[in-house]
Each structure stands twice: as C-alpha cells, then as structure tokens.
There are 4 protein chains.
Amino acid sequence: MTDEREMGGPIRVGVLGARGRMGAEVCKAVDAAADTTLVAAVDQGDELAAVADAGAQVVVDFTTPGVVMDNLRWCIEQGIHAVVGTTGFTEQRLDQVRDWLAGKPGVGVVIAPNFGIGAVLMMQFAARAARHFESVEIIEQHHPRKLDAPSGTATHTARLIAAARAEAGLGPVPDATADEVAGARGADIDGVRVHAVRATGLVAHQEVLFGTTGETLTIRHDSYDRVSFMPGVLVAVRAVGNRPGLTVGLDPLLD
Amino acid sequence: MTDEREMGGPIRVGVLGARGRMGAEVCKAVDAAADTTLVAAVDQGDELAAVADAGAQVVVDFTTPGVVMDNLRWCIEQGIHAVVGTTGFTEQRLDQVRDWLAGKPGVGVVIAPNFGIGAVLMMQFAARAARHFESVEIIEQHHPRKLDAPSGTATHTARLIAAARAEAGLGPVPDATADEVAGARGADIDGVRVHAVRATGLVAHQEVLFGTTGETLTIRHDSYDRVSFMPGVLVAVRAVGNRPGLTVGLDPLLD
Amino acid sequence: MTDEREMGGPIRVGVLGARGRMGAEVCKAVDAAADTTLVAAVDQGDELAAVADAGAQVVVDFTTPGVVMDNLRWCIEQGIHAVVGTTGFTEQRLDQVRDWLAGKPGVGVVIAPNFGIGAVLMMQFAARAARHFESVEIIEQHHPRKLDAPSGTATHTARLIAAARAEAGLGPVPDATADEVAGARGADIDGVRVHAVRATGLVAHQEVLFGTTGETLTIRHDSYDRVSFMPGVLVAVRAVGNRPGLTVGLDPLLD
Amino acid sequence: MTDEREMGGPIRVGVLGARGRMGAEVCKAVDAAADTTLVAAVDQGDELAAVADAGAQVVVDFTTPGVVMDNLRWCIEQGIHAVVGTTGFTEQRLDQVRDWLAGKPGVGVVIAPNFGIGAVLMMQFAARAARHFESVEIIEQHHPRKLDAPSGTATHTARLIAAARAEAGLGPVPDATADEVAGARGADIDGVRVHAVRATGLVAHQEVLFGTTGETLTIRHDSYDRVSFMPGVLVAVRAVGNRPGLTVGLDPLLD
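Residues numbered from 1 in each chain as written. Chains lettered and ligands numbered in written order. Predicted model: local features only at pLDDT ≥ 70, side-chain atom pairs only at ≥ 80, totals over all residues. Heavy atoms only, no water.

Using the following cut-off: UniProt positions are given in the numbering used here, feature names are shortened, and annotations may be inferred rather than shown by experiment.
Going by an unreviewed UniProt entry, chain A carries the name 4-hydroxy-tetrahydrodipicolinate reductase and comes from Micromonospora maris. As recorded by UniProt, the Sequence similarities (unreviewed entry) comment attached to chain A reads in full: "Belongs to the DapB family." As its UniProt record puts it under Function (unreviewed entry), chain A is described as follows: "Catalyzes the conversion of 4-hydroxy-tetrahydrodipicolinate (HTPA) to tetrahydrodipicolinate."

Quick notes on the interface of chain A and chain B
What counts is decided by this rule: Any two residues whose heavy atoms approach within 4.5 Å are treated as being in contact. Definition used for salt bridges: Asp or Glu carboxyl oxygen within 4 Å of a side-chain nitrogen of Lys or Arg. For this analysis, a polar contact is any N or O atom pair within 3.5 Å, provided that within protein one partner can donate a hydrogen and the other can accept it, and provided that sequence-adjacent residues contribute only side-chain to side-chain pairs. The helix and strand labels rest on DSSP assignments: H or I over at least four residues marks a helix, E over at least two residues marks a strand, and numbering proceeds from the N terminus. All amino acids are sorted into three groups, where Ala, Val, Leu, Ile, Met, Phe, Trp, Tyr, Cys and Pro are nonpolar, Asp, Glu, Lys and Arg are charged, and the leftover types, Gly among them, are polar. In short, DSSP must find at least two bridges between two strands for them to pair.
The partner chain B presents 43 residues to the 43 residues of chain A that form the contact. Our count for the chain A to chain B interface comes out at 0 salt bridges. Counting every contact that joins chain A to chain B gives 22 residue pairs in polar contact (both at pLDDT 80 or more). For the side of chain A that touches chain B, the secondary structure elements donating two or more residues are β6 (135-142), β7 (148-149), β8 (179-180), β9 (187-189), β10 (192-198), β11 (204-212) and β12 (215-223) of chain A. Residue contributions to the side of chain A that touches chain B peak at 5 residues, all from β10 of chain A. A class-by-class count of the residues in the side of chain A that touches chain B yields 19 nonpolar, 13 polar and 11 charged. Bridge count between β7 of chain A and strand β8 (residues 179-180) of chain B: 2 bridges; the pairing is parallel. Bridged to Asp 148 of chain A within β8 of chain B is Asp 179 of chain B.

Quick look at the sheet that holds strand β9 (residues 187-189) of chain B
To keep things clear, this is the line we draw: Comment: axis = line fitted to C-alpha atoms, over the contacting stretch for helices; angle = value between 0 and 180 degrees taken between N-to-C directions.
If you trace the 10 strands from one edge of the open sheet to the other, you get β9(B)-β10(B)-β6(B)-β11(B)-β12(B)-β12(C)-β11(C)-β6(C)-β10(C)-β9(C), paired in mixed fashion. Each edge of the open sheet is held by one strand with a lone partner, namely β9 of chain B together with β9 (187-189) of chain C. Between one strand axis and the next, the sheet turns by 20° as a mean value, whatever way the strands run. Sheet analysis places strand β11 (residues 204-212) of chain C next to strand β12 (residues 215-223) of chain C, joined by 9 bridges and oriented antiparallel. From the neighbouring strand, Val 208 of chain C faces β12 of chain C, where its bridge partner is Ile 219 of chain C. Packing of helix α5 (residues 117-129) of chain B onto the sheet brings it into contact with β11 (204-212) and β12 (215-223) of chain B together with β12 of chain C, and relative to β12 of chain C it is tilted by some 30°. Running at roughly 30° to β12 of chain B, helix α5 (residues 117-129) of chain C makes contact with β12 of chain B together with β11 and β12 of chain C of the sheet.

With respect to the relation of the copies chain A and chain B
Under the convention used in this document: Only residues with pLDDT of at least 70 in both copies count here: their C-alpha atoms drive the least-squares fit that superposes the copies.
For the pair chain A and chain B, the superposition axis carries a translation of 0.0 Å, the fit reaches an RMSD of 0.1 Å, and the rotation angle comes to 180°. Both copies are brought into coincidence by an operation consistent with a two-fold rotation axis. Residue Gly 183 of chain A of chain A places its C-alpha closer to the rotation axis than any other residue of that unit, at 1.9 Å. Same-surface contact between copies: 100% of interface residues of chain A are shared with the interface of chain B.

What about the packing of aromatic side chains?
Residue and element names in this part refer to chain D. Basically, it comes down to this: Classification of ring pairs rests on two measures: the distance between centres of Phe, Tyr or Trp rings, Trp counted by its six-membered ring, which must be within 6.5 Å, and the angle between planes, read as stacked under 30 degrees, edge-to-face over 60 and tilted in between. Relative accessibility thresholds used throughout: buried, under 20% of the residue-type maximum; exposed, over 50%; partly exposed, between the two (1.4 Å probe, protein chains only).
This model, assessed by the stated rule, comprises 12 aromatic pairs over all chains. Ring plane angle 55° and centroid distance 6.0 Å describe the contact between Phe 62 and Phe 115, whose orientation is recorded as tilted. In this pair, Phe 62 is assigned in the loop between β3 (58-61) and α3 (65-78) and Phe 115 in the loop between β5 (108-111) and α5 (117-129), connecting sequence segments 53 residues apart. Each of the two residues, Phe 62 as well as Phe 115, counts as buried.

A word on α5 of chain C
Residues and elements named next belong to chain C. As a reminder of what qualifies: Expected helix span is computed as 1.5 Å times (number of residues minus one).
Given a rise of 1.5 Å per residue, 13 residues ought to cover 18 Å, and the 18 Å separating the end C-alpha atoms of α5 matches this to within 8%. In terms of burial, α5 is a largely internal element, 11 of the 13 residues being buried. Within the sequence span of α5, burial applies to Ile 117, Gly 118, Ala 119, Val 120, Leu 121, Met 122, Met 123, Gln 124, Phe 125, Ala 126 and Ala 129.

Considerations on the pairing of strand β11 (residues 204-212) of chain D
Residue and element names in this part refer to chain D. Counting buried positions along β11 yields 8 of 9 residues, so the element is predominantly enclosed. Pairing of strand β6 (residues 135-142) with β11 involves 8 bridges; the strand directions are antiparallel. Opposite Ile 138, over in β11, you have Val 208 as the bridge partner. Turn length for the β11-strand β12 (residues 215-223) hairpin, with the two strands adjacent in sequence and antiparallel, is 2 residues, and the turn residue Gly 214 shows positive phi of about 75°.

Printed below as a string of structure tokens:
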C-alpha cells in the first residue's frame, strides 16, 4: 500500500457496516472532513475486496460481533489499518488480534468501546482528580427507555475512581447517613455512590462531583446525539496509521 | 398598641431566643434593614415583659418547642404580632394558636418551618410545573454530616409533586429500568424518585428536574449559609401586621 | 359542527402547513396522542375545504405570515377552532382576529409565539420570583449558527423580570464592577444582565439565576429538539375548544 | 536539620502571618491534620527566630509583599522549607529566590498564587481538553462586591486554553452572531469568550464549557469559603521537603 497520506492527499477510508446506524454516520463524517475521503462503503452482501480495490488506507468497522473478527483478519492481511467500534471484544479476542498484528508490523488497529471524546476525557479527568478529594459521587442522567441503571459508563467511571482512591491511600468517603429511605444514597460501586436519573427529554449525561473542604469540582458530559461519536472516530482514523499494533480505547490518542 | 408603622417609623421588633444561632442572626438582620429596628433581644433567664416595655410591634421567636407555646400565648395576649421559626408545631399546637387568636382579632402569627425564600419558591414552582411534565426526579445535595437521606425538604417537595400529578390524572413516571444495581434509581417517595448526594464542601442544594418530549425544566436552589433565612424572616416581619390570624408557611406571603 | 369530543371521541384535528418542518411534527404528534386524531393534512396547493370536509374540530396552523390571516378568517367562518404557531402577528393582526371572533362567539383561537411548555413556565416562574431577589442574571446558551445574541426568549425574559422588579420597587441590581474587559458583564436589557454563550453541540438552553443573601435560585430550560414544541401544541389543541375568543400565548393554558 | 518526618513524626510547621485571615486558617488546618503539627505561630512584632527555636521543618508564609523576601532569605539560610501564598512575586523576585536556593541544595520552596486544588485542576483539565473541542467559553460567577470582571482565574484559564488551541492548530471558535446587543457575547480574551456573572448569594464559581458535534464537556469549580485553600496548602507542606529548589504553582504537586 502506497502511503498516499505522506504524499499529501486525504486519508482514503473504507467503511464496513456502512448501512447501519453508526456506519451511515461515519460515511457522512468521513465525507465531510477535509482530510479524509470515503472510497468504499460496504455492508452485508457486498465483497470486502471492494475496499482493497478502492485503495482504502483505513477501514472503519461498525458491524457485528459475528463478523468483525473475519473483517479484522482480512484487513490486517491486506495491510489496511482498522478503527473498530463494533462491540463484544473479550480479552481472548484482543489477544487474537495482537497475534495477527505480530505478523504485520506496520499495521495499526484501534478498538474502542466508546468514541465520545467528551466521555473519554470525563473519565480521564475523573481518575486524575480522584485522589485529591475526600468526597466523590456520580450522577448519570438518561432517557427513560434505558434498561440498565447505572449506565455502563457510570459504572466504569466509578471503578476508575475507586482504583485511584485506593492507590492514593484514601479511606471511605465520609457519610454520616443514619436514617435513609432505601435507595436515597444511590448504588454502591466499589465504595463510590452512583445515582441514575431517568427522564423523558434527556439524552445521555453524566456528572462527577468531587468535594473537599470548602469547594467542589464537577466534571459533566452531555451527549445529545449519536453524531457525538464522529469526532472521536476521526481522531482514530487520523492516528491509526502512525500507531502500529493494537490500541485499546480512545484514551492514548487524546494525550 | 399604637401602629407606629402607619405613622411612618420602622417596625419595632423584639427577638426571643436572641442568643441562639438563628436568633443572633435575626438580631443582626433586623438591625441592618432600613425599615425594621431591634428594640428587645431576649433569651433564657430574661423577662418577656422587656419586649412589651420596649414597645415591640412584632416578636420573632427562634426558641425551643418547650417554651414557644408560652411565648405565643403571651404575645397574643399583649397584642404583639409573632413570626415563629421554632420547630415542633403539630396540628394540635396550631389549633391551640388559632384558638388564642380567635380572641384577639387584630393579631397576626406566622409560623414557618422554612424561611428560605428560595426553597419555598422552588417548592411552589415544582408543584405548579408538576402536571405539565411526564417525568420528574429530585436530586438533593448536602454536606456529609447530614443524618437523614433524603432531606426533609426533598421529601416534602416529592409529596407536593406527587399530589399535583395525581390531581392532573398523570400516571406513573416512565421508567424501563430492568437491570438495577440496588439504590441506583434513588428512593421512591410517593412515586417520585429522590437522589441524595453527600459530599464535603457542599452546603444545602436541591434540583428538581422535569422532562417531557425534547425538553427539560430544572429548578435549583443553592443555600450557602444560614443567613439565607433572613430575607424570608424579614418578609414575614413586614407582612404579619397586615395578616390577622394564623398563617402557616412562607408561601402565602410570597404571592 | 357536532362536538364529538363531548360525545367521547378523540379531537378531530386538521393541520395546515402539514409538509413544513413544524407541520410535519404536528401531524406525527396528533397521530400519536390517544385523545387526538389527524383528519386532514393540508399544504400549499391543497384545498382548505378538505379540512371542513373531514370534520375537523381544531385546525393547527404552522404556515407563513402571507397566508395565515386568510386561513384564520376561513376557520372562524366555518366554526373551526384554531391553534396558530405561525409568526408575524402584530397588534393590528391580533385586533383583526378579535373582530372576526366577535361575530362567532363559540369559536376559540390560540396564537402563541412559543409552544415550548418548559420555556413558557421558565418565563412565568422568573417573573414570579423576580421581586424576591436583589440579584438576577440570564445566561442563554445556543448552537453557534444562531444569528442574534441574546436570543429573543432571553430578551423577553429580561423584560418580564425588569417589569416585575419595577413594580416591586426594587432598585438596580448590586454590582461593584469597576474594572471590566468590554463585554464581560453581558448585555444590559432594561437593567438585567444577559450573557449569550455559543458552542457547537449545544441546542437551546437558558438559565435564570436569582440571588439574595446566602442563597440562589436557578430556573433552567434545556430544549433538545423541535419536537419539544409538540406537548405545548397538544395542550392548546385540547384547551382551545373551551376557550372562546382569542388567547395569546401558552401562559393562560398552563395555570 | 534532622528529618524528623523520616523518623515517623508529624511534619513540624511554623506559620508566618499567623494572625492574618489566611494565616489563622493555616494554623487551624495544620493543627487539625494528623500528619502535621503547629510548632510556631509568628506575626508582626514577633521574632523569626522563634520558628527555628521550635524546630520547624516547614514554614508557611501568608504575609505581605513588603516582608516576604526577607522571610524567605532567612528560611533558606536556616535550611527550613517554605510554602508561600503571599502575593507580588515578579519574575525578578522568583530569580532572586532561585539564587538563594542554589546555595542550599537540600531546601525546597513552593510559591503559589492559588492554593485551591479544585481551581488548579479545573485549569489543568481545561488546558488538556482545549485542543479536542472546536468551541469553548468560560462563565465565571461571583458575589457582586467583586471589582474586576472577568476574574483573574477566568482570564488565566482563557489564556491557557487559547495557547493550547494555537498549539493544536485550531482556528477561531465558530460564531455566526450577526446581530448582537453590546456585551451579550462576553469579553474576548485571546479569542475565548468569557462571561462574568455577579449576584448576591454567590461566592466564587467558574464553568468552562467545551463543545463539539453533538456533545459538550463542562468543568465547573465552586468555592464556598476561603478554607477551600487549606487542602492545597497541606499538599504543599507535605511535598515541599521532597522538592529541593523552587516550585511555582500547585500544578506540579498534583500530578
């Protein structure tokens, strides 16, 4: 594969799962950005070969757990970098991808469970702030059709915070509650209280509140739309060519 | 009692419980306001008569449940209006006060559990908004030394909202939660979810979140200090002379 | 027109401007609600008569200033109630509508510049709170494609607050600013400071902040979507049959 | 100086300016913390020697620009570490302190304009987030007795953000405003819009709002009290013994 990027052209991108909800948004975003160009949009029933024929340098995969591994093996064999938003990656699957990449040293793969830059930074900042505040709670707010409470992002944030507190030698969060109506103090996730609010009109929001003597620090993320993932996908598309091997999560690309 | 107010002078105020935390603040506030003047500051061991001798038109009582009823009977007998922040008023006690007042038609008494204008308006607006939104939740936030969760104000707000929803014929708040870590969805107060956040640095805060298709309305109250009750006490001091009989709560004085 | 509603059926609604952005949403909302049914969807080139033929009891008009007056005259003549979201109503136009209605005593017309229940309540509550707080400022937040700053809603809210303050005899908001970088303190609308924030990702948000000694009260409205107007349109559709004559604004329907 | 800390005892602290507003709070905080002990409280008229006599390992200086340089020279000569909150440090003064320290390699000095951990982290996170979002605005909120608008912290934050944007090659923040009431869009600090809200009841608050397609990230700091600086002072007291030379700002101690 000629590195056309170094030659100054836009990055040539192929999208797998191009007719899915997310894939369709990726096609639009790749099209709209000045430094990327959409060269192939592939979905169920289409030939993967179309991607190679079109000279794609990077593939973005928003397909399904059932087909993503075959897609990845093929991309790596072809020397095409991959950015993957498809879910279902176990440690075993990640190891398999690492194996494949070991045989193709120049190729990069970014697999991320969450391409929202705001959400990723919120978690990063929360983990960094955690050891400086004796108190911390999480309030996440979503539309009422959501099945789980708290959200996966809130649970993950709580665990990052709990780990940072443990590492810093912080004891339990102070709490004199003696008389509680069941549930008022939220769910206990590794010692961090998490509150899940559900209301019509909301989309996806999360607030991490830190407190110490006389002051609080709040980190809040509001996501209004699934297009909020697109800037993160583009960050990965731009970076993957310079990151041989496997990168898990958007985090390392934002530093 | 001569109505010196009509004669243009400031309202003459006596404070009972003047050396207590709240009473001391009332003394300062009455002193600082242009249209009120502190004429007597009485506490345990002092004679109530000092208040009448000083020509007080209005008494503010922040004492204790054990002495407040005797204070009130005496004030009403003397024809002195009273503004009462002391706690512990049962329906039975209120009826007793109404009885005493029946015999003194010109005298007014205001008894309020909460003199925070912001808190009272928050509850008033919440009750008014309730029937226009299919979703509603309450998030209250306090310092971690607080013993009860949720706060009395949050519980009271939830009940007002529940009553307004019932009156408007609204059904249950929509909530598809199927998989909940215990407590995540908060306490259930008459069908309204209430979340209690506790963190060092916080004072006393409450947010009522209403949601309907595509929009939310949030009413938030932040109290930073016990001096936040003083504007409400002054509202009552100014109004009580024109409200013969018993007034319960600050609400009717704010309309 | 037989009052089918009293006979227990859903309200029969015709939509004018049915293929426009807002009209299309109204069609969907009327269709989805249990107590309303869409009987006619009319746009440019269609015959108004279709609305009468379909037995519409209420017409919703989201058309243009150029045609709305003709539509209204026709509806009133036919004895069909009207809910109007079309803009451009001057005092002169409103008087004309009142004239037409005078000849048809049973017919109701609701004309509202804003059908967002949340926005209307925000303004209502702000006007009610205004005289109880010495400080008040407005922060509105919108997407960066917006041309005017501050928004029409923020300007209108500021005027309502200023009028309420004047009526209550409140003086100017306290402000010791002596050293200001131009613009830092916002726009001055009748003595109320208004700040306009613009950022990608935002939709339409407004916060009214009231402050007095030791406490603040915040009323915040977040609109995520133009569907946020639909609950307000339905409130008007349900109410207009019982409000003969002209009603301006959603306000009186929410009390 | 024997390192008593390594021997397991609490850090021995002397306070200069001990009767000042901030100094008095430092004395209380040092006294209250388990791992620090107050051994000398010195103010105008007292002998500095008392600090050495008491075996202080660390001095905290909240005095005045007129005396702080003499205090520092003396501490460094004595081999006592210093944590300085006194204002007025020019580059010239900092160079002088570096000179003195060059002759005493084991001694550490921390000079910080702001000991609020929350404020320092807010600025740090804002600088880190800046290059990932096309939009950013700052809203600071203070009591109405404040003379400058925007606050020094807001101006400093805006400059950090502007520098980060420039480094990342970001262009101007998008803004289509064509029709502005003067001041609505805030002050322009290096291309970042800053809004200063003033209201009775507020203490000191700042919000940094970042926006990109479909999402926003907000970092908010609320300071309720000057005691909010104490945790930061203690962080510096604990760290200064292990940081020979000059450290400017709390930032490097929080990483």
